[in-house]
Amino acid sequence: MADEKISVAVAPAVPAAAPKHRDPLALIVRFQSLIGLVLVAIGGIIFSPRRHGEILFLNPDNIANIVRAVSETGIIAIGMTFVIITAGIDLSVGAVLGLSSVVTASMMISGGFGLIPTILAVLVMGIVFGTIQGTISTRFRLEPFIVTLAGLQAARGLALVVSGNQYINISYGDGPGLAPPVFAVLGERLFNNTVPVATLVFIVFAAIATVVLNTTRFGRYVFAVGGNERAARISGVPVSMVKISVYAITGFAAALAGIVHAGQFNFGSANDGMGYELTAIAAVVIGGTSLFGGAGSMVGTVAGTIMLGALANILQLNNITPAMQLLATAAIIVLAAVLQSLVRRREGLGR
């Protein structure tokens, strides 16, 4: 009897167990990021300014600028997807990006560390920061919102201490006070100067995360914890380990984004990454990952990230003010959340 109850409880958390006759609204929510990306692309073509008959939105340089601009928030959004699938949230990622950019610049410029030691140290720092937040939230059963909000303040404070509230400029060369020239590759473009290196980092990280989420036991555990934590615990899923691990992943992602940021702009600043956490959360939600946990996809997150970048680009090309860009993004987020809520009500899952 106990086994039968467990089976019934865990089933909703397994992504493959989709109903035979899906609600059309549920299908829209499932593919909302791809649908939105197509609509934004069509809108971009229609409303894009022309120059000598050329559609500026489709200009290769403009497309490269879009994907480069979203690379950092996209990397963070990939990590955030793991957390939100478990019904958690991480507000510290933007501040961790700023801290990571400062530590990266400081280690190479002031500390004289080489490229590999610097990158490894910063990535480990991000993992440790995320692990501490996940442990505090899980161990003491505190809301992730509160814990990571405190983490945001802590990361900003540490960044200010490390940087002395000053920009740390990165200059390249072989002598003291200079960063290894190879680090500058993060700000370059490959393949006939068309594909930004930062975008390649984003794509590779997204591909690895997709494999982990969709094909590994850990990925199944992430969905199970978000779908029904109590049933997952009874079934033998190491719930605490999974919840701590997803915050370690977001810490790693934020640190990676901080390294990319420092390489792209050649400096580190404690104020870097402000608001990135909200953009990343928006990309994840628009990508179809449920704020209630138990459902989501990396492909959706990538599409949601690019969609937000394309939308911002279209508005910029038409000289729309930043305030209107924020309002448009807010409207899309609310629409995505409302659609998710409606689907849950139709499926009898409550709020």
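Being a predicted model, the structure only gives us computed values, none of them experimental. (Residues numbered from 1 in each chain as written. Predicted model: local features only at pLDDT ≥ 70, side-chain atom pairs only at ≥ 80, totals over all residues. Heavy atoms only, no water.)

1. Describing the overall build of the protein chain
So, point 1. A count of helices and strands for the protein chain gives 15 helices and 6 strands.
So, point 2. Within the protein chain, the proportion of its 351 residues that are buried is 47%.
So, point 3. For the protein chain, the accessible surface area stands at approximately 17,000 Å², while carbon and sulfur atoms represent 67% of it. (Helix = DSSP H or I, 4+ residues; strand = E, 2+ residues; numbered from the N terminus. Buried < 20%, exposed > 50% of the residue type's maximum accessible area, 1.4 Å probe, protein only. Areas by Shrake-Rupley, 256 points an atom, 1.4 Å probe, with all protein chains shown as cover.)

2. Side note on helix α7 (residues 115-139)
So, point 1. With 25 residues, α7 should cover 36 Å at 1.5 Å per step; its first-to-last C-alpha distance of 36 Å lies within 8% of that length.
So, point 2. Along α7, the residues classified as buried are Leu115, Thr118, Val122, Leu123, Gly126, Phe129, Gly130, Gln133, Gly134, Ser137 and Thr138.
So, point 3. Elements that come into contact with the buried residues of α7 comprise α6 (93-109), α8 (144-163) and α12 (239-265).
So, point 4. Positive phi appears at arginine 141, one or two residues downstream of α7, with a value of about 55 degrees. (Expected span 1.5 Å × (residues − 1). Contact = heavy atoms within 4.5 Å.)

3. Re the layout of surface pockets
So, point 1. Considered as a void within the structure, the second largest pocket measures approximately 640 Å³ in volume.
So, point 2. Every residue lining the second largest pocket is counted, 22 residues in all, and those nearest its centre are Thr279, Leu308, Ala312, Gln325 and Thr329.
So, point 3. With 8 residues, the top contributor of residues to the lining of the second largest pocket is helix α14 (residues 298-317). (1 Å grid on protein atoms, 1.4 Å probe; cavity = no way out; pocket = protein on both sides within 12 Å on 5 of 7 lines; lining within 4 Å. Points joined across faces, edges and corners; volume = space filled by probe spheres on them.)

4. Structural notes on the UniProt feature "transmembrane region" (unreviewed entry) in the protein chain
So, point 1. The residues that UniProt annotates with the feature "transmembrane region" (unreviewed entry) are residues 27-48, 69-89, 109-132, 195-213, 244-262 and 323-343.
So, point 2. Here residues 69-89 is 76% helix and 0% strand, with 23 Å between the C-alpha atoms at its ends.
So, point 3. Taken end to end, residues 244-262 is 100% helix and 0% strand, and its two terminal C-alpha atoms sit 27 Å from one another. (UniProt positions renumbered as here; feature names shortened; annotations may be inferred.)

5. Quick word on the packing of aromatic side chains
So, point 1. Scanning the model with the defined rule gives 4 aromatic pairs in all.
So, point 2. Arranged with centres 6.4 Å apart and planes meeting at 40 degrees, the rings of phenylalanine 82 and phenylalanine 218 form a pair that is tilted. Of this pair, phenylalanine 82 sits in helix α5 (residues 71-85) while phenylalanine 218 sits in helix α10 (residues 217-227); the two residues are 136 residues apart in sequence, bridging distant segments of the chain. Phenylalanine 218 carries the same exposure label as phenylalanine 82, and that label is buried.
So, point 3. One aromatic cluster is present, formed by Tyr167, Phe265 and Phe267 through successive ring pairs. (Phe/Tyr/Trp six-rings, centres within 6.5 Å; stacked < 30°, edge-to-face > 60°.)

6. Description of α12
So, point 1. Under the 1.5 Å per step criterion, the end-to-end length of α12 is 39 Å for 27 residues, consistent within 8% with the ideal 39 Å.
So, point 2. Counting buried positions along α12 gives 20 out of 27 residues, so the element sits mostly inside the fold.
So, point 3. Within two residues after α12, asparagine 266 carries a phi angle of roughly 60 degrees, on the positive side.

7. Side note on the pattern of salt bridges
Oppositely charged side chains are able to pair whenever their charged atoms sit close together.
So, point 1. Evaluated as defined, the whole model comprises 3 salt bridges.
So, point 2. A salt bridge links arginine 189 to aspartate 61; the nearest nitrogen and oxygen atoms lie 3.7 Å apart. Here arginine 189, found in strand β4 (residues 189-190), pairs with aspartate 61, found in helix α4 (residues 60-69); they are 128 residues apart in sequence, far enough to count as distant.
So, point 3. Assessed through its relative accessible area of 46%, aspartate 61 is described here as partly exposed.
So, point 4. A salt bridge links glutamate 229 to lysine 243; its shortest N-O distance comes to 3.3 Å. (Salt bridge = Lys/Arg side-chain N within 4 Å of Asp/Glu carboxyl O.)

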